[in-house]
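Architecture and fold: a report
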Amino acid sequence: SNKSTVESLLNLVGHDERSETILIESRKMWQKIQAMDLLAEHVITPDSDIPTKYVNLSKYFGLIKKINFSEKKILQQTLRMIQAILKTLPVTTQPKCELCKRVLKVLEIQYIPCAKNHIYCPACFQNSFESRGYRCPNCTTPIPRQKDFTVPDTKRKEYELFKEVQRHCLDFFMETVSQCCFSPIGADKPNDDFFKFLLEIVTDTQNSDYIDLFPIDEEYTHSCPIARSVLLQLLLEYNPQEVKTKLQSYQDYIKKTHGNEYVVDDQELTLLCIKCLEDRLHKKNAQLLEFDEKLNIVIECMKKSESILTDGELVRKYEETIPVEYMDCIAQVRFGLCYAAKIFFEFYCFEEKQEALSRATKENLEKLRDITQKVIERGILKEPLDFLIKQIVRQYGFPYLDKLGQLPEFTGWLVPKTKGGSQDIDTFVIVGEDYTSLRAKWVLSPVPINHTEAEEELKASPVSKHIAAVLTLFRRISTQSSQKAAHNGQNELLGLRKECHIFSGIKENIKKSLTTEGSQVTEGSQIMETVRFSPWERNAEKSLAAIVVHFATVVATVSDNKMFTPFFKILTCSDGIENMYWPTMPDNILDIVIAATAGTTDTWWKCPNGHDYFVKNCGRPVVGEVQKCFCGAPIGGKATHVAREDNIKVADKPLKEKGLTKQGHCLELPRERSSVPSPQRELSRISNCLMRILLHSVCIWVASSNDKDICERLASVIVQDKPVAVEDVLQYFWQNLERDFQVLSRATQQSFDDCTLLVHTFIHKIADPMEVKIETDTNLPTRQAREQWERLFDETFIQPFTQDLNTPIEDARRKIVDDCNQDHRALFQMIYETASIESTNITPHLWIYRPQITIEHVAQSLEKDTSVTADLSVLREFLKNVNLLVSLQYLPDIVRLQRNLYEMCHHRIDQNEAKSTFKDFVQNHVTKAHQREKMMKWADSFCSAWNTVKQEIATLVIVPVPAEYISIQMTVNQPLAFFIPMRRNEGICSTALTHYLAMLQNNFIELSWKKLHVGSMRTKHHVSLEKLQDGQIIDFEHQISHVVFSHCKYSLKAGRGADVSYDFTALEKHILDRFVRGKPFMTCNVHLMSYRSDVLQAQTFNKIRKSIQQTPIPQKDKNIILQEIQDKQGLQHCIDIVNVALGFVQYSSWKHTAMLDRYMTSLKMQGLLPNSIQQQCQLTHIISLWRILNVEQARRIAIGKEDPFPDVGQAFKKPLDEEEITKLNIELGPYDMDQFLEFFYEFIVTQVKNRTEIEAEDCLVDAYLDVCDYFEVEKIPSFAERFPPQFSLEHVTAIWKHAVSYQQEQKNNQEV
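Presented here is a report on the structure given in the accompanying data block. (Residues numbered from 1 in each chain as written. Predicted model: local features only at pLDDT ≥ 70, side-chain atom pairs only at ≥ 80, totals over all residues. Heavy atoms only, no water.)

**Side note on the sheet that holds strand β9 (residues 648-649)**
Our working definition: Note on pairing: DSSP must find at least two bridges between two strands before they are called paired. Under the DSSP-based scheme used, a helix requires at least four consecutive residues in state H or I and a strand at least two consecutive residues in state E, with every element numbered from the N terminus.
Judged by pairing direction, the sheet is antiparallel, and its three strands sit side by side in the order β6-β5-β9 without closing on themselves. Every interior strand has two partners, whereas the edge strands, β6 (612-615) and β9, have only one. As judged from the two bridges shared by strand β5 (residues 603-606) and β9, these two strands associate in the antiparallel manner. Across the sheet, residue K606 finds its bridge partner in β9, namely I648.

This is the structure:
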């Protein structure tokens, strides 16, 4: 908390030269204190065995006391400090073989008991003894003949201590560099010498000043440690051209010293440089917002590289020397092809997306395709084409490569590699010999199936053989239909049902389950809307259909196992699936909240539009201050403890009508579901994905039955706002399965093909499940039963399988490669790089497929790593919500935007003005250019945050947002109403966004406090949103990549590909220290805005009357006011200004005798009202003034035969008949008509306007008197005794208009 407070203060801006100087000096001192803290944290605290540790701390402070953190001296002194620390250890250098100079693992050291205790690697030691006998190879000292020359325990501990301290010193150095470059309160940015010094560290690993800086991890290449990669990326962000120049100078030095023949170390530095240059381009591209800008950068990179790659002589020259220019060229092409693969997938595989693009964007797409084709066709190297194919297949899958290959735009240059790409790939081969033997007889053989022989073969076979039989039949059907130009996907499933029905060899229980009783197994008239594919989409859909068949067959086979009961009930459409809590479906939060309030007098209600609200205390609705739901529907009571007829108590509704149980299938519509992986209850992201794939697979099998009754039953369990038609059920579940695979692909960082292999392997693994003791009801009648079953299924099947996802994918690939023909085998080996590269030339190694190190990759690695035993709850929560937490950086801008809009709009604009776009509003109402720029920047932050978290906002209970708003893509061209914080209509989005972001930070901070053992509320820091500073937000977007890189280990050794792992414990600690520690808990107190017309509520007038005594304006002053305001526009202007003043008066503590002109000056609205009003009126006259102005305007409108009450419903505008007019003329005679019109107008505008049609028949007298009594409003004298009781509210506006005519007639008669 103290650190956060200090940095918030240091982020301030000085108001004069002296204060600015003090701030700069304070920032410099704070940087030095932080550097001391880093040394204590990383070096001294972890290792209590470091000698003279306290001297080191004071010594370091002496070294940096007078140093500027923007100069290279800070790096030099930090390295001196590290060297001094390392020299205090018993072992002061890294263990190296005295002969080959290779850095050794501690356990492989051959320790010679000579005078100097020389050490060797096992190979050099053995070769020396064989040639020279038992003498030290270095000093020739005779040594005893002994079998064990391993390092002694004491010496081993010394080496291990050196390695550990060395690692801590490196962490300290990297943190110091990071602080110099990224500290938010840095006094100055690093200068050129600072970065040049860093570049020397990257390129010159033999420099004696820091040769021991980088620790050795035996599993990775020492000459390419991750620290060098982080520094190189940092340098490339600072000054890429300077880095390239320095790298070229270093290369020239190597050539001069060693010649053009590259050693391994140089190859690895080359790979490292290309990787960092490519990553820089990816980062630069990701920071751009406009799609066209991204396309232009890619096109530019490809054009720069084309001139080099198409020059054969130049390429051959560069391949021998690999200059920096060539490295940059390779990096640009790799980057361009990575992005091109993504673009080709999104806009050529899905043509509807391309149609939605502008003409200019389409032209850029064509340019990208053309330049890619030129690089591949005219280029000298064949590797770019291979690299492009790797990107497409390994990210998206073979089916999309096939589709691209068949498009005319790609024919001729992508076709040779993709011809027949995946049509003949048979994923069922992972089932094993049972399947391949049957396939040879029933599919590959030209001889028709002999059913008698098949029955005999299967009769005594195990269950696995029967599963293989069903899969073989499906393979046979799909192979026969693959030649069709157009394909009906359902017919394959129907055809399989027919085959199973007539195939006598398959066991009866399997046959019965797969050919559900009553289902149609013929391809006659279709009940269901079939799933249709275009020819190039066939392979993707065929893969999904194979998953459906595989799992449906397994479920039918293991029907006796209770672990599969939920799936089997759905497969057979058994009784009770409507009341079953389906696996992986979300819980209804409101249901849980209602259960928590059980036993209290509190009640839950629904508005006419179905939105829930809460009534506390006695639980009975009243006519309170809140009369509208956020959707605008009336809520509460029509009288004290009498609910409105259209508001229904939740507990009074039948179970099925509550909409709370969430039984059945209750996901969002497939196209609206998020593709971001998310856990569900105790299920991990991957477990949730796999279980949903299984669930939707059996649903698709049932929906494809073509049986109307079954499909109607399945449709009845789909919980949606709008029921899904029976003919759309199959499409509904098919689209859900497609979305499941998209989510699984993101969760596992695998392509579509690899995901299908993964699921097939998993289904095969569970085909012969073990018997597990189950203590819960597997019919899942309750939420608790579902949760217990999910946990058991996950622990039994999914968790053991997902411990290592790479192994099953690699095993499945190997089986498919072995099953493929020679051409396909070569293609697979090229794509998945299974064949070793024998060439000593570095060129093939430049084009290896390398997974990008991203936060998603970290999450996947943590989920797969079963060796992690530490409590990493904060890291897991961070990775789970990282896509949401990143939006917290926008919260300060959102708060500023809301604060400014509140000041500009609160009670100052109307709903019609709020309908204008935000952009137009700013252009028209903000005069200063710099303020407009700020407002647009804040609005962009609002839009970015909303578009990131809007799906999560849909789950908010405290601020419920209608579904129609959740689907909106927010831009500055949306109406202003979306940006202003309110509790209703569009403004609910702004309020909900702020609440959600505050809750997001609070939840993460709360978890972190537990990890940091912050238990006392006195030690917890709270801040209101009004006082929120940038430094108090969890903001990590611009630094997280450096943090991740600094805690991952990878190899780029030539010939070994890329191998990545992470230090998760250190990564969590770093996230806590850098991004979380000291951040406050936020209290959400958003100022809600109101429209000008919102003040026209009975509650508002009631508040004013209670806080400020109200009296009528004298008749003389009234006449003066009305005489001064003659024109219509002037009258409306006065009404608008008074409405604004009313909105503020209700919260005012001014005395009632205060003059109105003084109050208007306090609102910065001086001079907006006529002098007669400002000089004659006090605050005690404000309501009377409002009545006078509005009644005068309404009178003029009524005389002009127009409607003075446009906002009042038609139900209250019934005209009077002749008899009613006669009666009314008699009764109006005794009244003061000015008073009658004013009081009655207030009643209509503040009360009747908000009533529903069903209240139109209520007695007018009773309704008026009830309101006056409830709000303690002065009544029209003798209204209860004199006014005719037969009039109802439906006549209310007609009575007022007739009273105007009556008054005018009386005036005319008096004049006569």
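**Brief notes about helix α15 (residues 359-378)**
Applied cut-off: Multiplying 1.5 Å by the helix residue count minus one yields the expected span of that helix. Burial classification: accessible surface area is computed with a 1.4 Å probe over protein chains only, and a residue below 20% of its type maximum counts as buried, one above 50% as exposed, and the rest as partly exposed. For this analysis, residues touch if any pair of their heavy atoms sits within 4.5 Å.
Counted at 1.5 Å a residue, the expected span for α15 with its 20 residues is 28 Å, and the 28 Å between its end C-alpha atoms agrees. Taken together, the buried positions of α15 are occupied by T361, N364, L365, L368, R369, I371, T372, Q373, V375 and I376. Lining the buried residues of α15 we find α11 (291-309), α13 (324-348), α14 (351-355) and α16 (383-395).

**Observations concerning the side chain of N736**
Here N736 is to be found in helix α30 (residues 729-748). In this structure, N736 is in contact with H665, L667, E668, P670, R673 and H696, ignoring residues within four places of it in sequence.

**A few points about helix α42 (residues 988-1011)**
Helix length check: α42 (24 residues) gives 35 Å between terminal C-alpha atoms against 34 Å at 1.5 Å per residue, within 8%. Two residues or fewer after α42 comes H1013, characterised by a positive phi angle close to 60 degrees.

**Quick word on the packing of aromatic side chains**
Aromatic ring pairs are described here by two measures, namely the spacing of the ring centres and the angle between the planes. In plain terms, the rule: Two rings belonging to Phe, Tyr or Trp (six-membered ring only in the last case) form a pair when the distance between their centres is within 6.5 Å. Interplanar angles under 30 degrees mark stacking, angles over 60 mark edge-to-face geometry, and anything in between is tilted.
As enumerated under the stated definition, the model contains 45 aromatic pairs in all. Relative to F979, the ring of F918 lies with its centre 4.7 Å away and its plane at 35 degrees, an arrangement referred to as tilted. With a gap of 61 residues between them, F918 in helix α39 (residues 918-925) and F979 in the loop between α41 (963-966) and α42 connect regions that are remote in the sequence. The exposure classification of F918 matches that of F979, with both residues buried. Clustering of aromatic rings is evident, with ring pairs tying together Y1231, F1236, F1240, F1243, Y1264, F1279, F1283 and F1287.

**Section: the pairing of β6**
Of the two faces of β6, the one holding Y613 and V615 is buried and the one holding D612 and F614 is not buried anywhere. Where β5 meets β6, four bridges bridge the pair, whose relative direction is antiparallel. Paired with T603 across the bridge in β6 is V615.

**Observations concerning a positive patch on the surface**
Defined as follows: Like charges are joined within 9 Å and nonpolar side chains (Val, Leu, Ile, Met, Phe, Trp, Tyr) within 5 Å, but only among residues with over 30% relative accessible area and no salt bridge; these make up the patches. Surface accessibility follows the Shrake-Rupley procedure with a 1.4 Å probe radius. Residue values consider only the protein chains on display as shielding. In what follows, salt bridge is the name for a side-chain nitrogen of Lys or Arg lying within 4 Å of a carboxyl oxygen of Asp or Glu. Counted as positive: Lys and Arg. Counted as negative: Asp and Glu, with His and the chain ends omitted from the count. Taken as the charge location is NZ of Lys, CZ of Arg, CG of Asp or CD of Glu.
A surface patch of positive charge is lined by K303, K367, K374 and R378. When residues of the positive patch are assigned to their parent elements, the largest contribution, three residues, is made by α15. Residue position: K374 is located in helix α15. The class for K374 is partly exposed, based on a relative accessible area of 33%.

**A few points about the pattern of salt bridges**
Scanning the model with the defined rule gives 32 salt bridges in all. Between E25 and K28 there is a salt bridge, with the nearest N and O atoms lying 4.0 Å from each other. One end of the pair, E25, and the other, K28, are both in helix α2 (residues 17-44), three residues apart, so they sit about a helical turn from each other. It is possible to trace a salt-bridge network through shared partners that takes in D426, R439, R475 and D819.

**Regarding unusual backbone geometry**
Its identity is not glycine, yet K1201 carries a phi of approximately 65 degrees, on the positive side. When you line up the elements, K1201 lands in the loop between α50 (1182-1199) and α51 (1218-1228). Owing to a relative accessible area of 76%, K1201 belongs among the exposed residues under this scheme. Positive phi values are uncommon outside glycine, yet S1278 reaches one of about 60 degrees. By the secondary structure assignment, S1278 is in the loop between α53 (1260-1271) and α54 (1279-1282).

**A closer look at the nonpolar core**
For clarity, the cut-off: Residue types Ala, Val, Leu, Ile, Met, Phe, Trp, Tyr and Cys, when buried and joined through side-chain atoms within 4.5 Å, form a set referred to as a nonpolar core.
The biggest cluster of nonpolar side chains holds 228 residues, and the ones touching the most others in it are F173, L198, Y326, F567, W582 and F793. A total of 18 residues in this core trace back to one element, the largest contributor, which is α13. Ranked by size, the runner-up nonpolar core spans 82 residues in total, among them V959, F978, F979 and L1067.

**Observations regarding the packing of helix α45 (residues 1098-1107) against α50**
Two quantities define a packed helix pair, namely the angle between the axes and the distance from one axis to the other. Selection rule: The axes used here are C-alpha line fits, helices contributing only the stretch in contact, and every angle between their N-to-C directions lies in the interval 0 to 180 degrees. Any angle that falls under 35 degrees is termed roughly parallel, while one over 145 is termed roughly antiparallel, one within 65 to 115 roughly perpendicular, and all others oblique. For this scheme, ten residues count as nonpolar: Ala, Val, Leu, Ile, Met, Phe, Trp, Tyr, Cys and Pro. Four count as charged, namely Asp, Glu, Lys and Arg, and the remainder, Gly too, count as polar.
Axis separation between α45 and α50 bottoms out at 10 Å; the angle between their running directions is 140 degrees. Between α45 and α50, the angle falls in the class oblique. For the pair α45 and α50, contact is made by F1101, I1104 and R1105 and by I1182, I1183, W1186 and R1187, respectively. Classifying every residue of the contact of α45 with α50 gives five nonpolar, no polar and two charged.

Treat this as a map of the structure, not an account of what it does.
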